[in-house]
Amino acid sequence: MSNPTHLKPVPAASTPDDSPAFVRSLPAWAAPAALGAILVLAAVLYGWSLSSLEWANSYYSAAVKSMGKSWTNFLFGSYDPAGVITVDKPPAALWPQVISSKIFGLHGWALVLPQMIEGVAAVLVLHRTVRRWAGEGAALVAALVLTLTPITVAINRDNNPDTLLVLLLVSAAYALTRALQAEGRAATWWLCASGFLIGCGFLTKMLAAWMVIPAFTLAWLVGGSGPWIPRVRRLLGAAAILAASSLWWVAMVALWPGDHPYTGGSKDGSAWDLVVGYNGLGRVFGSSDGMSQNMGGLGGGFGGVSGLGRLFNAQVGGQISWLLPVSALALAVALVGVVMRRRGMLSADAVLPASGWLLWGTWLVVCAAVYSTQKGIFHPYYTTQLAPAIAALCGGLTAALVRVHRAGVRWAPLVGVAAVVVSAVWAVALVRRDSDWNGWLVWPVLLLGCAAVVLLLLARRRGRLLTVAVGAAVASVLVAPGAWAVSVPGSTSAMGGSNPTAGPTTFGFGGGGRMPRLSGNDGDLPSGMPSGFPGGDAPSGQSGQPSSGDVPSGMPSGMPSGMPSGMPTGGANGMPGMSGGSTSGDSDMPSFPGGGSGKAPSGRGGFGGGAELTSEQRKILDYAVEHAPDARIKLAVEGPAMATSSFILGSDETVIGMGGFTSMDNAPSVDQLKEWTKSGELRYVLGSDTNSGGRPGMTGSGNYSKQRSDWIADNCTKVPASAYGSTSSKKSSGGAMGFGAGADVLYDCAAK
């Protein structure tokens, strides 16, 4: 039994010369040359001046250095060289960076180089995938759209896990497309390969990879070859492969016979808890088993409040939403095409296979719905996962309209006109949100849009103009997002590698627009912000300070009452010819968590720690090494793990952070601290000058940060600042997640 929607390889279209829909043939070399140009463009955008990126996200960069110390650290993704705790993700995305650092040495550019290669590879694989579904023209459009997606350019110039995730998912889509075109055993092998690649994606960002499973399942069930029962049987086999390739690392963590790092982000040290908790239900609902991800209301502020409009708001809209209206139009055209085909108004060759529409359409809808509504920590760069689906749908729309136009459907150019108009209107709206940053883009958008509309209308009667009209339409819809994409190389961001964005630079709560305002005041920033923080005054009854204990009201405790000096006020630098402001290289702007190098006078350094040791940090570390030369762990820093990134990257000593990324994890536990100090493995702890020895962190079910802080206060003595060469204890601008709490104090835990 054959499947009428079974996807077949797309042959080169041919049209008789006397056809009114004749489209002038291009030379044989044109398509390969165009693809080559797109790949070169991608390589330039993703790889321009990699050395200027320094350490990108220093949290992951520190982990890469630590993972290169031992095979155990490598397999588990240890954040610190001592193997105390892992990063809060699986390690697969960091493995290529570790290998690169072994080949080229530990440099910031060496860690971002694999990301650039993976980004270019994703463009190539997407082209190959769409070409099998919709033809060469659609594939070139899709490749160009993916290349010029602003947030994709930004994240491909960083060392976060999302770049490898996108490559693996696009590769899985290619394997599925091959399975849809094959029959028998070949179809089974390709389908299993698709499941395997999604599983590999799981090892980069866990459940984020599984969001595409509904799309793959639906596409296979509708477009797969053979009767239903064998089709379902093959699907179950692929699901088993997917589960095995996804969960082998989770099983390894659970069954490892010896000592291994505590799984960062989990409540009990297990990888499974990380999957379903912090990186699972916690991201969707904002909390999991008492562990909140709100960060005092800040978590969702990076991308605005959750809701159906999140992808179009000031923080996210300029990163990914440029072509979302066109994607919606593409799905509507696909539906109309199916109806016309069933009614006999179109031949089978005039419509694209439904399986492709289902794959990319469901991919986009599911991921967009999750990212729009998730209440936990959300960054704009997560939306790069939508980019391949948007690109494929735009390519599919182009091919579908050309096909139905050739089939004699006179309204096809009018749909193209609608696509140009709606994209131009939305582009103008996005650009005008911050007209001080390259506001001149409005005019190219309007001029190219008008030209495309005229050419598309003329192409209704003069088929030879169709190729030119399609090219003008593509140019008109990509000029604005392309300008944002080109602005990324050389630009600066207040949050650096921890929250890479394109377009106008803002304080760090997402790029692409002005500073968000407080909820309830027609803005996007969660309510409960302290007085003096950008966006407005705190609501009545909230000052931004903790009301009692360690539980913050509004922002986490210690949040500065105003913006730090030296924050950027202009837009991104961009490539030559792009206007915009930037931060000064000599400013004392603190760095955000994982945000690369920042300058700060305190021992902790910056908002969460920079990538270079300050003079105070160097003095503290040298003192600890000199007075405890035989200690396995030279220094333990109480607070979020990224506060130690400068110690790990700026020295070869064994320094650990306590509590993982958020400081809430039970690693090291109080019992471990007792054992280490008793055996001489640890002597010195860097904490704060508070009633307890540590720093307040985010609240969690176990409140392990407070337990460690209390133990430090009860069992350790303060080392005078003059002992390690400091004239006085300086107030820290860092602290948990960058929110300071008291002055930095070195504690001697062997002296009490």
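Residues numbered from 1 in each chain as written. Predicted model: local features only at pLDDT ≥ 70, side-chain atom pairs only at ≥ 80, totals over all residues. Heavy atoms only, no water.

Looking only at helices and strands, the protein has 24 helices and seven strands in total. For the protein, the residues scored as buried account for 60% of the 752 residues in total. For the protein, restricting intrachain contacts to residue pairs at least 6 apart in sequence, the fraction spanning at least 24 positions comes to 71%. (Helix = DSSP H or I, 4+ residues; strand = E, 2+ residues; numbered from the N terminus. Buried < 20%, exposed > 50% of the residue type's maximum accessible area, 1.4 Å probe, protein only. Contact = heavy atoms within 4.5 Å.)

Relative to the helices and strands, Val338 resides in helix α15 (residues 324-342). For Val338, a relative accessible area of 35% translates into the label partly exposed. Considered as a pair, Val338 and Ala354 are 16 residues apart in the sequence and their alpha carbons are 7.7 Å apart.

Sheet architecture is open: five strands sit in the order β4-β3-β5-β7-β6, paired in mixed fashion. The open sheet has two edge strands with one neighbour each: β4 (655-658) and β6 (717-719). Each neighbouring strand pair of the sheet contributes to a mean axis angle of 35 degrees, computed without reference to strand direction. By the bridge criterion, three bridges tie β6 to strand β7 (residues 744-748) in an arrangement that is antiparallel. In the sheet register, Val719 faces β7, and the bridge partner there is Leu746. Packed onto the sheet, helix α24 (residues 704-715) meets β3 (635-638), β4, β5 (684-688), β6 and β7 and runs at close to 125 degrees relative to β3. (Pairing = 2+ DSSP bridges. Axes fitted to C-alpha atoms, helices over the stretch in contact; angles between N-to-C directions.)

Among the structural elements, Ser705 can be located in helix α24. In this structure the side chain of Ser705 is engaged in a polar contact, spanning 3.3 Å, whose partner is the side chain of Glu638. (Polar contact = N/O pair within 3.5 Å; in protein donor to acceptor, adjacent residues only side chain to side chain.)

So, about the pattern of salt bridges. Enumeration over the complete set of coordinates arrives at 10 salt bridges. Between Glu681 and Arg632 there is a salt bridge, with the nearest N and O atoms lying 2.6 Å from each other. Here Glu681 is found in the loop between α23 (670-679) and β5, whereas its partner Arg632 is found in the loop between α21 (615-627) and β3, with 49 residues between them in sequence. Classification of Glu681 by relative accessible area gives partly exposed; the value is 22%. (Salt bridge = Lys/Arg side-chain N within 4 Å of Asp/Glu carboxyl O.)

Next up on the list: the nonpolar core. Val130, Phe216, Leu323, Trp360, Trp363 and Leu386 are the most contacted members of the largest nonpolar core, which has 157 residues in total. At 13 residues, the largest contribution of residues to this core is made by helix α8 (residues 162-181). Core analysis: the second largest hydrophobic core is formed by 19 residues, Ala636, Leu673, Trp711 and Tyr747 among them. (Core = buried A, V, L, I, M, F, W, Y, C linked by side-chain atoms within 4.5 Å.)

β7 sits mainly inside the fold: five of its five residues count as buried. The alternating pattern of β7 places Asp744, Leu746 and Asp748 and Val745 and Tyr747 on opposite faces, both of which are buried. As judged from the five bridges shared by β5 and β7, these two strands associate in the antiparallel manner. From the neighbouring strand, Gly687 faces β7, where its bridge partner is Val745.

What follows deals with the packing of aromatic side chains. A complete count under the given rule lists 22 aromatic pairs for this structure. Their ring planes at 25 degrees and their centres at 5.1 Å tell us that Trp360 and Trp363 sit as a pair that is stacked. Residue Trp360 and its partner Trp363 are both found in helix α16 (residues 354-373); the two are separated by three residues, about one turn of the helix. Across the pair, Trp363 and Trp360 agree in class, each one buried. Members of the aromatic cluster, each reached through a chain of ring pairs, are Tyr59, Tyr60, Tyr79 and Phe661. One residue, Arg310, lies across the ring of Phe378, its end atom 4.2 Å from the ring centre. (Phe/Tyr/Trp six-rings, centres within 6.5 Å; stacked < 30°, edge-to-face > 60°. Lys NZ or Arg CZ within 6 Å of the ring centre and 35° of its normal.)

Considering every residue of the protein, the mean pLDDT works out to 80; 75% of them sit at 70 or more. A low-confidence stretch, residues 11-24 stays under pLDDT 50, and its non-local contacts, those more than four residues away or across chains, total 17 contacts. (pLDDT = per-residue confidence, 0-100.)

A few words on the pairing of β4. Because side chains alternate across β4, one face comprises the buried residues Val655 and Gly657, and the other comprises Ile656 and Met658, equally buried. In this structure, β3 lies alongside β4, joined through four bridges in parallel fashion. By the bridge assignment for β4, Ala636 is matched with Ile656. A crossover connection joins β3 to the parallel β4 through helix α22 (residues 645-650); in handedness this β-α-β unit is right-handed. (Right-handed = clockwise from strand over helix to strand, strands pointing away.)

Below, the discussion takes up the environment of Leu41. Note on placement: Leu41 falls in helix α1 (residues 30-47). The spacing of Leu41 and Val486 is 445 residues in sequence and 9.9 Å in space, taken between C-alpha atoms. In this structure Leu41 touches Leu144, Thr147 and Leu148, once residues within four positions along its chain are discounted.

This part is about the packing of α8 against helix α11 (residues 213-223). One can describe the packing of α8 onto α11 by two numbers: an axis separation of 10 Å at closest approach and a directional angle of 10 degrees. With respect to α11, the axis of α8 lies roughly parallel. Packed against α8, whose contacting residues are Leu169, Ala172, Ala173, Leu176, Ala179 and Leu180, the element α11 presents Phe216, Ala219, Trp220 and Gly223 at the interface. Grouping the amino acids of the contact of α8 with α11 by side-chain chemistry returns nine nonpolar, one polar and no charged. (Parallel < 35°, antiparallel > 145°, perpendicular 65-115°, else oblique. Nonpolar A, V, L, I, M, F, W, Y, C, P; charged D, E, K, R; others polar.)

We now examine helix α20 (residues 466-487). Helix length check: α20, at 22 residues, gives a terminal C-alpha distance of 31 Å against a target of 32 Å (1.5 Å per residue), a fit within 8%. Of all bends in α20, the biggest is about 45 degrees, found at Val479, and the proline Pro481 comes one to four residues later. (Expected span 1.5 Å × (residues − 1). Bend = angle between axes of the 7 residues up to and from the residue.)

The subject of this paragraph is the environment of Trp411. Relative to the elements of secondary structure, Trp411 occurs in the loop between α17 (387-406) and α18 (412-432). On the accessibility criterion, Trp411 (32% relative accessible area) is partly exposed. In sequence terms Trp411 and Leu401 are 10 residues apart; their C-alpha atoms lie 9.1 Å from each other. Discounting chain neighbours no more than four positions away, the residues touching Trp411 are Val336 and Met340.

Residues other than glycine predominantly adopt negative phi, and peptide bonds predominantly adopt the trans conformation. Here Ala667 and Pro668 are connected by a cis peptide whose omega angle stands at -5 degrees. Its identity is not glycine, yet Met206 carries a phi of approximately 55 degrees, on the positive side. Assignment of secondary structure puts Met206 in the loop between α9 (184-205) and α10 (207-210). Take Met206: its relative accessible area is 0%, and that puts it in the buried class.

Next up on the list: a nonpolar patch on the surface. On the surface, Ile99, Ile103, Phe104 and Trp109 cluster together to form a nonpolar patch covering roughly 400 Å² of accessible area. Sort the elements by how many residues they give to the nonpolar patch and helix α4 (residues 95-104) lands first, with three residues. Structurally, Ile103 can be placed in helix α4. A relative accessible area of 59% places Ile103 in the exposed class. (Patch = residues over 30% accessible without salt bridge, like charges linked within 9 Å, V, L, I, M, F, W, Y side chains within 5 Å. Areas by Shrake-Rupley, 256 points an atom, 1.4 Å probe, with all protein chains shown as cover.)

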